[in-house]
Amino acid sequence: MKHIVSGIQPTGSINIGTYLGSIKNFVALQNSYKDHHFYLFIADLHAITIPKDRLKLRKMIKELAAIYLACGLKEERLSLFIQSEIPAHSQMSYLIQCFTYMGELERMTQYKDKAQKQASVSSALFTYPTLMAGDILLYDAEYVPVGDDQKQHLELTRDIAQRINHRFEDFFKVPKPLIPKVGARIMSLADPTVKMSKSDANVKSRIELLDDDNIIRKRIMSAVTDSEGKIYYDKVNKPGLANLMTLMGAVKNESLAAIEAAYQDKTYQTFKEDLATLVIDHLRPIKERYQELIKSDKLDDILEKGRIEAEKIARKKVMKFNHKLGLGRKK
Ligand code: ATP
Ligand code: LTN
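Residues numbered from 1 in each chain as written. Chains lettered and ligands numbered in written order. Predicted model: local features only at pLDDT ≥ 70, side-chain atom pairs only at ≥ 80, totals over all residues. Heavy atoms only, no water.

### Details of the site of ligand 1
Line of reasoning, step 1. With respect to spatial proximity, 21 residues lie near ligand 1, and among them Lys114, Asp149, Lys195, Ser197 and Ser199 are the closest.
Line of reasoning, step 2. A distance of 3.3 Å is found between a nitrogen atom of ligand 1 and a backbone nitrogen or oxygen belonging to Gly17.
Line of reasoning, step 3. One of the backbone nitrogen or oxygen atoms of Met196 is found 2.9 Å away from a nitrogen atom of ligand 1.
Line of reasoning, step 4. When ligand 1 sits alone it has 600 Å² of accessible area, and the protein chains cover 97% of it.
Line of reasoning, step 5. When residues in the shell around ligand 1 are grouped by element, the largest group, 4 residues, is from helix α1 (residues 16-32).
Line of reasoning, step 6. For the shell around ligand 1, the per-class residue count stands at 5 nonpolar, 11 polar and 5 charged. (Near = heavy atom within 4 Å. Polar contact = N/O pair within 3.5 Å; in protein donor to acceptor, adjacent residues only side chain to side chain. Areas by Shrake-Rupley, 256 points an atom, 1.4 Å probe, with all protein chains shown as cover. Helix = DSSP H or I, 4+ residues; strand = E, 2+ residues; numbered from the N terminus. Nonpolar A, V, L, I, M, F, W, Y, C, P; charged D, E, K, R; others polar.)

This is the structure we're talking about:
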């Protein structure tokens, strides 16, 4: 069976950007790639590359596990687990660092962006992409569904895998990214030139999946647009409106052209009201399932099953790599 691997950091409540760029895609892929097994995880080791409060982190890990399932992932062909519970992830990251160049890591735009916002930068933030490469290569992933911002990390993962394969003939599967056509980069509602992010200090920049209906409507109605008053897609000159059209397209699974055609004679007010209703209706069943899951013991059982399944594969792969490298004693 082929493998699909992806992760999300428990750095804050999940917003509609992460949902449309990744989780919604996982659900669609699980329904269409019937011969693939999904290894999806909560990237808590990635989260601590920037200091976190331990109680908040623990709460976010549980919340994210419930969100994954509430969004419609099915238990069959799924191993859902917490990254830090599988020691092979940390081990593999170190081994991968031995095959990664400083210059490659220095070029990573996510590192540059995040480092800029920190008073002191941990070395783990710098080596973050090697942890991510290990997450993927441990499971010999065929595909990695991610949003647009992770493309560079995926390219680096492929380069590293090919470099290692050159020395140890085809030891790793070279993974392919799967990036959605519409919704791969949802922008902030307050500043459409930056990505909607869990860690943005301004809560008005995003819609969280668990937000109340009236908050969702308020965020959309007050989202930054322009003063032209005409509805058409122009990402450069009308980034705010383009972002809202993208949101609508991604929720409805419709092309931007179709949305443009439906709204060309309508006002921004009507468009925003329709979008708010659409988003509220789409999130309602997710919120309901979330409330049930977060209270049940089922969540823990699923995470334990996922841990056992992932551990088996990951441990074997890292031991094999240790052996290839000549580490330890010959067995
Ligand atoms: P942080 O703000 O803590 O850096 P984040 O909001 O960028 O986190 P991640 O956990 O790093 O979210 O991302 C999880 C997945 O969601 C990745 O595949 C990422 O590409 C995707 N994603 C995150 N934000 C967006 C967005 N605004 N639009 C589309 N996809 C997104
Ligand atoms: N780095 C990603 C989260 C992440 C991930 C992964 C995604 C960690 N490991 C492995 C796909 C595959 C992020 O910042 N969004």
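Next comes the rest of the account.
### Here's the deal with the pairing of strand β3 (residues 78-82)
Line of reasoning, step 1. Counting buried residues in β3 gives 5 out of 5 residues, a clear majority hidden from the surface.
Line of reasoning, step 2. Every second residue of β3 is oriented toward a common face, with Leu78, Leu80 and Ile82 on one face and Ser79 and Phe81 on the other, all of them buried. (Buried < 20%, exposed > 50% of the residue type's maximum accessible area, 1.4 Å probe, protein only.)

### Remarks on the site of ligand 2
Line of reasoning, step 1. By nearness alone, 13 residues border ligand 2, and Gln9, Tyr128, Met132, Asp135 and Gln150 come closest of all.
Line of reasoning, step 2. At 3.3 Å, a side-chain N or O of Gln9 approaches an oxygen atom of ligand 2.
Line of reasoning, step 3. Taking Tyr128, its side chain carries an N or O atom lying 2.6 Å from an oxygen atom of ligand 2.
Line of reasoning, step 4. Protein burial of ligand 2: of its 370 Å² of free accessible surface, 92% is covered by the chains.
Line of reasoning, step 5. Of all elements in the fold, only β1 (2-8) and α7 (123-137) reach the threshold of two or more residues within the shell around ligand 2.
Line of reasoning, step 6. It is α7 that provides the largest number of residues to the shell around ligand 2, a total of 4 residues.
Line of reasoning, step 7. Class assignment of the residues belonging to the shell around ligand 2 gives a composition of 6 nonpolar, 6 polar and 1 charged.

### Focus on the pattern of salt bridges
Line of reasoning, step 1. Following the criterion strictly, the structure yields 15 salt bridges and no others.
Line of reasoning, step 2. One salt bridge in this structure joins Glu142 and Lys173, with 3.2 Å as the shortest N-O distance. Placement of Glu142 in the loop between α7 and β4 (143-145) and of Lys173 in the loop between α8 (151-167) and β5 (176-178) is noted, with a sequence separation of 31 residues between them.
Line of reasoning, step 3. Since its relative accessible area comes to 8%, Glu142 is described here as buried. (Salt bridge = Lys/Arg side-chain N within 4 Å of Asp/Glu carboxyl O.)

### Notes on helix α3 (residues 54-70)
Line of reasoning, step 1. The end-to-end C-alpha separation of α3 is 24 Å, in line with the 24 Å expected for 17 residues at 1.5 Å each.
Line of reasoning, step 2. Inspection of α3 places Leu57, Met60, Ile61, Glu63, Leu64, Ala65, Ala66, Ile67, Tyr68, Leu69 and Ala70 among the buried residues, and these make up the whole buried set.
Line of reasoning, step 3. A side-chain oxygen of the first residue of α3 lies 3.2 Å from the backbone nitrogen of Leu55; this N-cap is Asp53.
Line of reasoning, step 4. The positive-phi residue at the C-terminal boundary of α3 is Gly72, with phi of around 115°. (Expected span 1.5 Å × (residues − 1).)

### Details of the environment of Tyr139
Line of reasoning, step 1. Position of Tyr139 among the secondary structure elements: in the loop between α7 and β4.
Line of reasoning, step 2. Aside from chain neighbours lying at most four places away, what touches Tyr139 is His3, Val5, Tyr39, Phe81, Ile86, His89, Ala310, Ile313 and Ala314. (Contact = heavy atoms within 4.5 Å.)

### Focus: a positive patch on the surface
Line of reasoning, step 1. On the surface, a cluster of positive charge is contributed by Lys312, Lys316, Lys320 and Lys324.
Line of reasoning, step 2. Within the secondary structure, Lys324 sits in helix α13 (residues 298-325).
Line of reasoning, step 3. By relative accessible area, which is 41% here, Lys324 ends up partly exposed. (Patch = residues over 30% accessible without salt bridge, like charges linked within 9 Å, V, L, I, M, F, W, Y side chains within 5 Å. Lys, Arg positive; Asp, Glu negative; His and termini not counted. Charge placed at Lys NZ, Arg CZ, Asp CG, Glu CD.)

### Focus: the side chain of His37
Line of reasoning, step 1. The residue His37 is located in strand β2 (residues 36-42) in this model.
Line of reasoning, step 2. In terms of polar contacts, His37 uses its side chain to reach the side chain of Ser79, at 2.8 Å.
Line of reasoning, step 3. Ignoring anything within four residues of it in the chain, the contact list for His37 reads Met1, Lys2, His3, Ile4, Arg77, Leu78, Ser79 and Glu309.

### Here we look at unusual backbone geometry
What you tend to see is this: most non-glycine residues have negative phi, and most peptide bonds are trans.
Line of reasoning, step 1. For Arg77, which is not a glycine, the phi torsion comes out positive at approximately 55°.
Line of reasoning, step 2. Structurally, the position occupied by Arg77 is in the loop between α3 and β3.
Line of reasoning, step 3. At Asn253, a position not held by glycine, the phi torsion is positive, near 60°.
Line of reasoning, step 4. If you trace the backbone, Asn253 turns up in the loop between α10 (239-252) and α11 (256-263).
Line of reasoning, step 5. Since its relative accessible area comes to 62%, Asn253 is described here as exposed.

### Some points on the side chain of Ser205
Line of reasoning, step 1. Mapped onto the fold, Ser205 is located in the loop between β5 and α9 (213-221).
Line of reasoning, step 2. On the basis of relative accessible area, Ser205 is assigned to the buried category, the value being 1%.
Line of reasoning, step 3. A polar contact of 2.6 Å, which involves the side chain of Ser205, links it to the backbone oxygen of Asn202.
Line of reasoning, step 4. Contact partners of Ser205, with chain neighbours within four places excluded, come to Ser188, Leu189, Ala190, Met196 and Asp200.

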